[in-house]
Amino acid sequence: KIKILPPDINCSEEKFTVEGDNIRFALAALKNVGLGVVENIHKEREENGPFKSFYNFCERMLTSYELDSRTVEGLIYAGAFDSFGQNRQQLLSAYPTIKKELAVEIKSKGEGQFSLFGEEEEIEYNYPEIPEFEEKKKLALEKSIIGIYMSGHPLQEYVELISKSGYPTISDIKGDQDAYCNNTNVSLIGIFSKVTKKITRNDTMMAIIQLQDLTGSIELLLFSRTYDKYAHLLEEDSIVRV
């Protein structure tokens, strides 16, 4: 019952940290965000204060440090810039243009040319007026970087259906070993959070699957006969009844 706060470019540190009664997600735990990048972000915040906007982040980090585009995109997908007010698709769309503009600025400074407005003035960048990603895509991209769903869950829209189904939750099954003992037939509604396909010794296919609902996760084993029947459904992020 401890809340996990999402990664934030101004609040997250290298490791997981305590923030009030909550835990703040670590930057170094994000895919495509290396330890060196996290150290540079921390150094920049320490020396020049928190980042004021996504543009301000790009301006300060791209002009002073080497920053890979995959890293910036990963931070966007993870929601690390959500606190600045723009949606993730806006930032992703704006980033290539911002990067080009800053490259010109860096070149101009190298040639001895300086901005007419001075170094300290905060630039008001006009982000494109486009909507956020569809919720399913937003969550899938988020999970691809963080490893878990953070800002929502694909099953959220199915809460009423799951409740009406009368099926147990995964926490029910794990919490009541007497009611759900070996060889008990149960039905669940969940999402495939991880699908690992393997070749058996008999040269047939099987799958090891993590099924997740809003209460926890449980492992499923699909041997060859079942695998062959349902192979078309065995994709990560598929919402299924098992």
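Since this is a predicted model, take the numbers as computed values, not measurements.

So, how was this worked out
- Residues numbered from 1 in each chain as written.
- Predicted model: local features only at pLDDT ≥ 70, side-chain atom pairs only at ≥ 80, totals over all residues.
- Heavy atoms only, no water.
- Buried < 20%, exposed > 50% of the residue type's maximum accessible area, 1.4 Å probe, protein only.
- Helix = DSSP H or I, 4+ residues; strand = E, 2+ residues; numbered from the N terminus.
- Pairing = 2+ DSSP bridges.
- Expected span 1.5 Å × (residues − 1).
- Arc of directions from axis to C-beta.

### Re the pairing of strand E6 (residues 217-222)
Walk down a regular strand and you will see the side chains alternate between the two sheet faces. Here E6 shows a clear split, with Ile 218, Leu 220 and Leu 222 buried on one side and none of Ser 217, Glu 219 and Leu 221 buried on the other. Examined bridge by bridge, strand E5 (residues 205-212) and E6 share 6 bridges and lie antiparallel to one another. If you follow Leu 211 over to E6, its bridge partner there is Ile 218. Between E5 and E6, which follow one another and run antiparallel, lie 4 residues.

### Brief notes about the sheet that holds strand E3 (residues 22-24)
Read across the open sheet, the 3 strands follow the order E1-E3-E2; overall the sheet is mixed. The two strands at the open ends of the sheet, each matched to only one other strand, are strand E1 (4-5) and strand E2 (17-19). As paired elements, E1 and E3 share 2 bridges and run parallel to each other. In the sheet register, Leu 5 faces E3, and the bridge partner there is Arg 24.

### As for helix H1 (residues 35-48)
For H1, with 14 residues, the first-to-last C-alpha span of 20 Å sits near the 20 Å given by 1.5 Å per residue. Those residues of H1 not exposed but buried are Val 37, Val 38, Ile 41, Glu 44 and Arg 45. One side of H1 carries all its buried residues, which in axial view fall inside an arc of 125°. Among the exposed residues of H1, those pointing more than 90 degrees away from its buried face are Glu 46 and Glu 47. Looking at the residues trailing H1, positive phi occurs at Gly 49, about 85°.

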